[in-house]
Amino acid sequence: AKYAGLGKRVEQFSLPRAFSVFFNLAAPEQTFQERSVRQALALAIDRQNLVQSLAPDARAAFSPLLPEFFGFDSPALASSDKTAAKTLLRQAGFQERDGKLYKPEKTTGEFRSDLRRGSKNEEVQLLQQCLADQPGIYPDGTINGVFGPATEQAVVRFQEKYAQEILAPSGLSKGNGQVKTGTRAKLNEICFPQTGDNSFSITLTTVAEPTLQKVAAFIQEEWQQLGIAVTINAVTPEEMGTNVIKPRNYEALLFGEALGIVPDPLPFWHSSQIADPGLNIAGYENKKADVLLEKIRKETDTAKRNTLMKQLQDVLLADTAAITLYDLSYSYVVPDRLKGIEGHKIADPSQRFANVGDWYIKTGRKWKFF
């Protein structure tokens, strides 16, 4: 529409490339080592809204293997669902407070077993120590690791002190002196209080380029709605190669990858490629994926290779080592009168000229005399 009436049109060429957020799984201290946490981060991003804010030729992408380009089955489109994302994060142990997400830390120790009269172990000793610290609960104060009558009566007093939290949910009015689920939960809260909080924060690194910075800002806003603190680290292309990718110096990386006209995803996902100069920038390691990647590289039959690609896609999407976001077509403005441009799937922009010998301006009919 932009060139309507100007004698020009836009030819669009599909490229086997996509832009994704890669998690650095080789950094074990990161919060997103749990798969469910990465899945929550993926669910939080509304790809359709993202691509609408980008160039007209941007398309939402859901798989790092680009099934639309290579002709195998695409995954079911996963729409954004922040409610489901928050549920996954709660299940992973995160709590929200004042709009921020935390994972509570506790002192060493936790009651895990059911305890009753006759129990003899270290947990009973911890129980006695805790009860002795509570005013009026365990006046005997004996700490010997043996759950006797005095300890039982102390547990009864504890249960009745916190009757609304321990007894009421079970329909009880009097304590029974046994340490089970409800009593144990309250004991853990009282005896092993939280000593601090680990806030959920992510540094998202990308190239200091307008489109990628815009995408990074969009992701930042989406994740902040979950209570996650997101810092954007934008670096020059030179710094990206030398100081970021080569030493694997990032938590999450917003970056683009190209598969090539004949797909070979092995350099990007095989465990042997985790260290530089390998291209497995997610630090991803999965034995099943390794086997599939090796088979894909050896397979020459397109249909069989695509079947293997579909299997690999299922493995990669389940593990969510990266969140594939979008791809961009290559747009090329040409005169309306120029005909014969074909081959709209290309490995790189220069290949738009691959059939230039077939381009023509106009044709006409002439009588030819022999």
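Quick notes on the rules
Residues numbered from 1 in each chain as written. Predicted model: local features only at pLDDT ≥ 70, side-chain atom pairs only at ≥ 80, totals over all residues. Heavy atoms only, no water. Helix = DSSP H or I, 4+ residues; strand = E, 2+ residues; numbered from the N terminus. Buried < 20%, exposed > 50% of the residue type's maximum accessible area, 1.4 Å probe, protein only. Contact = heavy atoms within 4.5 Å. Expected span 1.5 Å × (residues − 1). Polar contact = N/O pair within 3.5 Å; in protein donor to acceptor, adjacent residues only side chain to side chain. Core = buried A, V, L, I, M, F, W, Y, C linked by side-chain atoms within 4.5 Å. Phe/Tyr/Trp six-rings, centres within 6.5 Å; stacked < 30°, edge-to-face > 60°. Lys NZ or Arg CZ within 6 Å of the ring centre and 35° of its normal. Salt bridge = Lys/Arg side-chain N within 4 Å of Asp/Glu carboxyl O. Disulfide = S-S within 2.5 Å. Pairing = 2+ DSSP bridges. Axes fitted to C-alpha atoms, helices over the stretch in contact; angles between N-to-C directions.

Q: Any details on the overall build of the chain? Residues and values, ideally.
A: On a plain count of helices and strands, the chain comes out with 13 helices and eleven strands. Expressed as a percentage of its 370 residues, the buried residues of the chain come to 42%. Residue pairs at least 24 apart in sequence account for 70% of intrachain contacts in the chain once pairs closer than 6 positions are excluded.

Q: Summarise helix α13 (residues 302–319); cite the residues concerned and give the values.
A: Its 18 residues place the ends of α13 26 Å apart at the C-alpha level, agreeing with the 26 Å of an ideal helix rising 1.5 Å per residue. All of the buried residues in α13 are Arg 305, Asn 306, Leu 308, Met 309, Leu 312, Gln 313, Val 315, Leu 316 and Asp 319. For α13, the elements touching its buried residues are α1 (35–43), α3 (67–70), α11 (266–269) and α12 (287–298). The opening residue of α13 is Asp 301, an N-cap whose side-chain oxygen sits 3.1 Å from the backbone nitrogen of Ala 303. Immediately beyond the C-terminal end of α13, within one or two residues, lies Thr 320, with a positive phi of roughly 50°.

Q: So what's going on with the nonpolar core? Residues and values would help.
A: Grouped together as the largest cluster of nonpolar side chains are 71 residues, with contacts concentrated most on Val 21, Trp 223, Trp 269, Leu 325 and Tyr 326. With six residues, the single largest contributor to this core is helix α9 (residues 210–224). The contacts of Val 21, once residues within four sequence positions are left out, are Leu 204, Ile 219, Trp 223, Ala 252, Leu 253, Leu 254, Ala 321, Ala 322, Ile 323 and Leu 325. Counting residues in hydrophobic clusters, the runner-up holds 19 residues, among them Leu 115, Val 124, Phe 147 and Phe 158.

Q: Summarise the packing of aromatic side chains; cite the residues concerned and give the values.
A: This model, assessed by the stated rule, comprises eight aromatic pairs. A ring pair is formed by Phe 19 and Tyr 326, whose centres lie 4.9 Å apart and whose planes are at 10°; its orientation type is stacked. Placement of the pair is Phe 19 in strand β2 (residues 17–23) and Tyr 326 in strand β10 (residues 322–328), with a sequence separation of 307 residues. You'll find Phe 19 and Tyr 326 in the same group, each marked buried. Ring geometry for Phe 94 versus Phe 200: centroids 5.0 Å apart, planes at 20°, classification stacked. Here the residue Phe 94 occupies a position in the loop between α4 (82–91) and β4 (95–97), and Phe 200 occupies one in the loop between β6 (194–199) and β7 (201–207), the gap between them amounting to 106 residues. The residues Phe 94 and Phe 200 share a single accessibility class, namely buried. Connected via pairs of aromatic rings, a cluster forms that spans Phe 22, Trp 269 and Tyr 284. A cation over an aromatic ring shows up here: Arg 97 above the ring of Tyr 102, its NZ or CZ 4.7 Å from the ring centre.

Q: Any chance you could break down the pattern of salt bridges for me, citing the residues and the numbers?
A: Scanning all chains against the criterion turns up twelve salt bridges. Across the pair Glu 152 and Arg 117 runs a salt bridge whose closest N-O atoms are separated by 2.7 Å. With Glu 152 in helix α6 (residues 149–161) and Arg 117 in the loop between β5 (100–106) and α5 (122–132), this residue pair connects regions lying 35 residues apart in the sequence. Glu 152 gets classed as buried once you look at its relative accessible area, which sits at 16%. Residue Arg 117 is classed as partly exposed on the basis of its relative accessible area, which comes to 49%. Put simply, Glu 165 and Lys 186 hold a salt bridge, and the shortest N to O gap is 2.7 Å. In this pair, Glu 165 is assigned in helix α7 (residues 163–166) and Lys 186 in helix α8 (residues 181–191), connecting sequence segments 21 residues apart.

Q: Got a sec to walk through the state of the cysteines? Specific residues and values, please.
A: Scanning the model with the defined rule gives one disulfide in all. A sulfur-sulfur distance of 1.8 Å marks the disulfide that ties Cys 130 to Cys 191. Disulfide Cys 130-Cys 191: torsion about the S-S bond near -80°, hence left-handed. Placement of Cys 130 in helix α5 and of Cys 191 in helix α8 is noted, with a sequence separation of 61 residues between them.

Q: Could you give an account of the sheet that holds β10, naming the residues involved and the relevant values?
A: Strand order in the open sheet made by the six strands is β3-β10-β2-β9-β7-β8, with mixed pairing throughout. Of all strands in the sheet, those with a lone pairing partner are β3 (58–60) and β8 (229–235), marking the two edges. Within this sheet the neighbouring strands show an average axis-to-axis angle of 30°, counted without direction.

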